[in-house]
Amino acid sequence: VDNDGEKAEANALDMNHGLLFTPPVSINAGSYPDCKGSDLLVIAAGARRKPGETRLDLTARNARIVREILGELKPYIGTARLLVITNPVDVMTKVAVENSDLPVYRVLGSGTVLDSGRFCYELSRRCRVDPRSVHAYVIGEHGDSEVFLWSQVHIGGTPLESLCGDCEHSCTAGERSSLEEKVRASGYHIVEKKGYTNYGVSLAVSRIIGAILRDERSVLTVSTFMEGAYGLTGVCLSVPCIVGVRGVERIIETPLSERETENLKTSARIIASTAVSAG
Ligand SMILES: NC(=O)c1ccc[n+]([C@@H]2O[C@H](COP(=O)([O-])OP(=O)(O)OC[C@H]3O[C@@H](n4cnc5c(N)ncnc54)[C@H](O)[C@@H]3O)[C@@H](O)[C@H]2O)c1
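All of these numbers come straight from a predicted model, not from anything done at the bench.

Thresholds, definitions, all that
Residues numbered from 1 in each chain as written. Predicted model: local features only at pLDDT ≥ 70, side-chain atom pairs only at ≥ 80, totals over all residues. Heavy atoms only, no water. Core = buried A, V, L, I, M, F, W, Y, C linked by side-chain atoms within 4.5 Å. Buried < 20%, exposed > 50% of the residue type's maximum accessible area, 1.4 Å probe, protein only. Phe/Tyr/Trp six-rings, centres within 6.5 Å; stacked < 30°, edge-to-face > 60°. Helix = DSSP H or I, 4+ residues; strand = E, 2+ residues; numbered from the N terminus. Lys NZ or Arg CZ within 6 Å of the ring centre and 35° of its normal. Near = heavy atom within 4 Å. Areas by Shrake-Rupley, 256 points an atom, 1.4 Å probe, with all protein chains shown as cover. Nonpolar A, V, L, I, M, F, W, Y, C, P; charged D, E, K, R; others polar. Patch = residues over 30% accessible without salt bridge, like charges linked within 9 Å, V, L, I, M, F, W, Y side chains within 5 Å. Salt bridge = Lys/Arg side-chain N within 4 Å of Asp/Glu carboxyl O. Lys, Arg positive; Asp, Glu negative; His and termini not counted. Charge placed at Lys NZ, Arg CZ, Asp CG, Glu CD. Contact = heavy atoms within 4.5 Å. Disulfide = S-S within 2.5 Å. Pairing = 2+ DSSP bridges. Axes fitted to C-alpha atoms, helices over the stretch in contact; angles between N-to-C directions.

**Points about the nonpolar core**
- Counting 54 residues, the largest nonpolar core has Leu82, Val222, Met226, Leu237 and Val243 as the members making the most contacts within it.
- Residues Leu123, Val138, Phe148 and Leu179 belong to the second largest nonpolar core, which totals 13 residues.

The following block contains the structure:
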C-alpha cells in the first residue's frame, strides 16, 4: 500500500518477477481494506533523510504520515502485530503505540536490530570470525545516541575480553570508539553515496518478521515501549527482547556497566525530547 499507487504497482510487478525463485507467495498492490485479517502489518512509508539530515530532523513530517496511516488502518488492524520502520523509528513506534490502541507488546519498531548487525559485522572483520558467531548488541536510540554493549560482547560463547588477551591486534580503547563511530555513521555514509539504505535494513526487517510469524522467540534489539525495565518508562527504545508470535514476548534485562546505564538513560532522554517535537 503506497499513496503513490503506480509505484506500488511497479514494486509488486518487480517482486512478482522473482516468484520463480522463492516459495509461493501472493504479492499485490493494494489498499487499506486489504490489510484486514493480517497477522502482521509493517509501516515503512514516510519521508526519508536527505544527505546531512539526521533521523530526528524527520520527526514532525513522519509523525503526521504515521498517524494518517494508522487512521486508515485502524478499522482493519484486528489482532495484527504492528512493526514500524519509519524514522526516527523509536519516536514513530511511540506514535504507533499512542494511535493504535493496541497492547504495547504488539507494537514494535525495527530499532537497533540493524545497528546490532552492523556492530557484529565490524567486530567480525576486526576479529576475523564469521559475523554469525558474534553476539553483540546495540541498544537505545536507532541513531546518534545508541549504546554499544561492549560488556556483553561474546564470540563463540567467550567474552570478548578473554579472547582479546591472546590476540595479536591488542585493540585500544581508541579503536573501540572508532569502531563505534564507524557503525554509527554507516547509515549516513550510505545515504550520502546512494541516497537511501535498503539491503541491510530489508534483511534485518525480514529477520524480525520471521521471528514473529514463526514464533521463533529470537532475542532481537527491537524498539519497544518501556514500562519500568532498565528504570525507564514512557519511551520507546531498543533493548534485547524475546520476539515471538505475540510481538515482544519479554524484555531481557541484561546487566549493564555503569557507563552503559548512564548512556542508555541519556539516549532515552534524547528520544523523549524528540517525541515532544512529534506533537
Ligand atoms: N529503521 C530503519 O533502520 C530504516 C532504514 C531505512 C529507511 N528507514 C526509513 O523508512 C522510511 C522510508 O524510507 P525509503 O527509503 O523506503 O523511502 P522511499 O521514499 O523510497 O519510500 C517511502 C514511500 O512512502 C510513501 N508514502 C509517503 N507518505 C505516505 C502516506 N501518507 N501513505 C502511504 N504511503 C506514503 C511514498 O510514496 C514512498 O513510496 C523513511 O522514514 C526512512 O528513514 C528506516
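Having seen it, we continue.
**Quick notes on the packing of aromatic side chains**
- Evaluation of the coordinates by the stated rule reveals two aromatic pairs.
- Geometrically, the ring pair formed by Phe119 and Phe148 is edge-to-face, given 5.0 Å between the ring centres and 90° between the ring planes. Taken as a pair, Phe119 in helix H4 (residues 113-127) and Phe148 in strand E6 (residues 147-148) lie far apart in primary sequence, 29 residues in all. Taken as a pair, Phe119 and Phe148 share a single burial class, namely buried.
- Considering the side-chain rings of Phe119 and Trp150, the 5.1 Å spacing of their centres and the 80° angle between planes classify their relative orientation as edge-to-face. With a gap of 31 residues between them, Phe119 in helix H4 and Trp150 in the loop between E6 and strand E7 (154-155) connect regions that are remote in the sequence. As far as the burial class goes, Phe119 and Trp150 line up, both buried.
- Linked through ring pairs, Phe119, Phe148 and Trp150 together constitute an aromatic cluster.
- The positively charged end of Arg246 is found above the aromatic ring belonging to Tyr105, 4.2 Å away from the centroid.

**So, the site of the ligand**
- Near the ligand, the surroundings consist of 23 residues, among which Asp2, Lys7, Ala47, Arg48 and Ile85 are the closest.
- Contact with the protein chains hides 82% of the accessible area of the ligand, taken as 860 Å² for the molecule alone.
- Classifying every residue of the shell around the ligand gives ten nonpolar, eight polar and five charged.

**Things to note about a negative patch on the surface**
- A cluster of acidic residues, Asp2, Asp4, Glu6 and Glu9, forms a negative patch at the surface.
- Tracing the backbone shows Asp2 in the segment before helix H1 (5-16).
- Assessed through its relative accessible area of 33%, Asp2 is described here as partly exposed.

**A look at the side chain of Lys94**
- Tracing the sequence through the fold places Lys94 in helix H3 (residues 89-100).
- Residue classification places Lys94 among the buried residues on the basis of a relative accessible area of 19%.
- Among residues more than four places away in sequence, those in contact with Lys94 are Phe225, Gly234, Val235 and Cys236.

**Here we look at unusual backbone geometry**
- Geometrically, the link from Asn87 to Pro88 is a cis peptide bond, its omega value of -10° lying close to zero.
- By secondary structure assignment, the location of Pro88 is in the loop between strand E2 (81-84) and H3.
- Within the chain, Asp215 stands out as a residue other than glycine whose phi angle is a positive 50°.
- On the secondary structure map, Asp215 appears in the loop between helix H7 (199-213) and strand E9 (218-220).

**Regarding the environment of Thr79**
- Relative to the helices and strands, Thr79 resides in the loop between helix H2 (59-73) and E2.
- The exposure class assigned to Thr79 is exposed, which follows from its relative accessible area of 60%.
- It is 26 Å that separates the C-alpha atoms of Thr79 and Gly5, two residues lying 74 residues apart in sequence.

**Re the state of the cysteines**
- The tally for this structure, following the rule as stated, stands at zero disulfides.
- Of all cysteine sulfurs, the one in Cys236 lies closest to Cys241, which takes part in no disulfide; the gap is 10 Å.

**Describing the sheet that holds strand E13 (residues 247-251)**
- What the three strands build is an open sheet, ordered E9-E12-E13; its pairing is antiparallel. This sheet does not close on itself; its edge strands, each paired only once, are E9 and E13. Averaged over neighbouring strand pairs, the angle between their axes works out to 40° when direction is ignored.
- Pairing between strand E12 (residues 241-244) and E13: four bridges, direction antiparallel. Considered in E13, the bridge of Val243 is made with Val248.

**Concerning the pattern of salt bridges**
- This model, assessed by the stated rule, comprises 13 salt bridges.
- For Glu98, the salt bridge identified is with Lys94, shortest N-O distance 3.6 Å. With Glu98 and Lys94 both in helix H3 and four residues apart, the pair spans about one turn of that helix.
- Taken together, the salt bridges that share partners define one network made up of Glu180, Glu181 and Arg184.

**What about the pairing of strand E11 (residues 233-238)?**
- The pairing of strand E10 (residues 223-227) with E11 spans four bridges and is classified as antiparallel. From the neighbouring strand, Ser223 faces E11, where its bridge partner is Ser238.

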